[in-house]
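# Structural description and commentary
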Amino acid sequence: MGTDTVEHCPPWCVTAHDPARGEDDWLHQGEPVALADGVSAVLCMSVDPTTGERDGPYVLIGDTQHTPQEAERLGMVLSALAQALPDPA
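Residues numbered from 1 in each chain as written. Predicted model: local features only at pLDDT ≥ 70, side-chain atom pairs only at ≥ 80, totals over all residues. Heavy atoms only, no water.

## Notes on the overall build of the chain
Under the convention used in this document: We count a stretch as a helix when DSSP gives it H or I for four or more residues in a row; a strand needs E for two or more, and each element gets its number in order from the N terminus. Exposed residues in this analysis have more than 50% of their type's maximum accessible area, buried residues have under 20%, and partly exposed residues fall in between, with area computed by a 1.4 Å probe over protein chains only. A contact between two residues is defined here by any heavy atoms of the two lying within 4.5 Å. Computed by Shrake-Rupley with a 1.4 Å probe, the accessible areas treat only the displayed protein chains as cover when residues are assessed.
Scanning the chain from N- to C-terminus turns up two helices and five strands. Starting at the N terminus and walking to the C terminus, you meet the elements of the chain as α-β-β-β-β-β-α. Of all 89 residues assigned to the chain, the portion counted as buried reaches 22%. Residue pairs at least 24 apart in sequence account for 12% of intrachain contacts in the chain once pairs closer than 6 positions are excluded. Entry remark: accessible area of the chain is about 6,400 Å², with carbon and sulfur atoms responsible for 55%.

This is the structure in structure tokens:
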């Protein structure tokens, strides 16, 4: 791991960084969370190791980027939907 990458790496990042990858090494990703049928959510953000400029963080669900606030709202809506269902007992 390069020193610049480590300095700018968020604590939730699980990426094995390699400075030889150039700009591709700027992407930080958390552990994927399985949602359903092959769809997962992952926290991601890019940080320029030289300037510290950030893009994100985002929650990537499938191929769609969501801000953390959008992901939180989606979670609340899904939770409300599940609670509104009748008990199958």
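## What to know about the pairing of strand β2 (residues 33-36)
Remark: a regular strand shows side chains that alternate across the two faces of the sheet. Cut-off, in case you're wondering: Whether two strands pair comes down to DSSP finding at least two bridges between them.
Two elements, β2 and strand β3 (residues 39-47), share three bridges in a ladder whose sense is antiparallel. Bridging from a neighbouring strand, Val33 pairs with Ala41 of β3. In this antiparallel pair of consecutive strands, β2 and β3, the connection spans two residues, and Asp37 shows a positive phi of 40°.

## Comments concerning the confidence of the model for the chain
This is how the line gets drawn: Per residue, pLDDT captures the predictor's confidence, and it can take any value from 0 to 100.
On average, residues of the chain score 84 in pLDDT, and 90% of them reach the 70 mark or higher. The element-level mean pLDDT for the chain is lowest in helix α1 (residues 3-7), coming to 48, with strand β5 (residues 64-66) highest at 94. Within the model, pLDDT remains below 50 along residues 1-5, and this stretch shows nine contacts once partners closer than five positions in the same chain are excluded.

## Here's the deal with the pairing of β3
Relative to β3, strand β1 (residues 27-29) runs antiparallel, the two being bridged by three bridges. Opposite Leu27, over in β3, you have Ser46 as the bridge partner.

## A closer look at unusual backbone geometry
In the segment running from Gly56 into Pro57, the intervening peptide bond is cis, with an omega of 15°. Tracing the sequence through the fold places Pro57 in strand β4 (residues 54-61). Backbone geometry places Asp37, a non-glycine residue, at a positive phi of 40°. The topology assignment puts Asp37 in the loop between β2 and β3. Judged by relative accessible area, Asp37 falls into the exposed class, the value being 84%.

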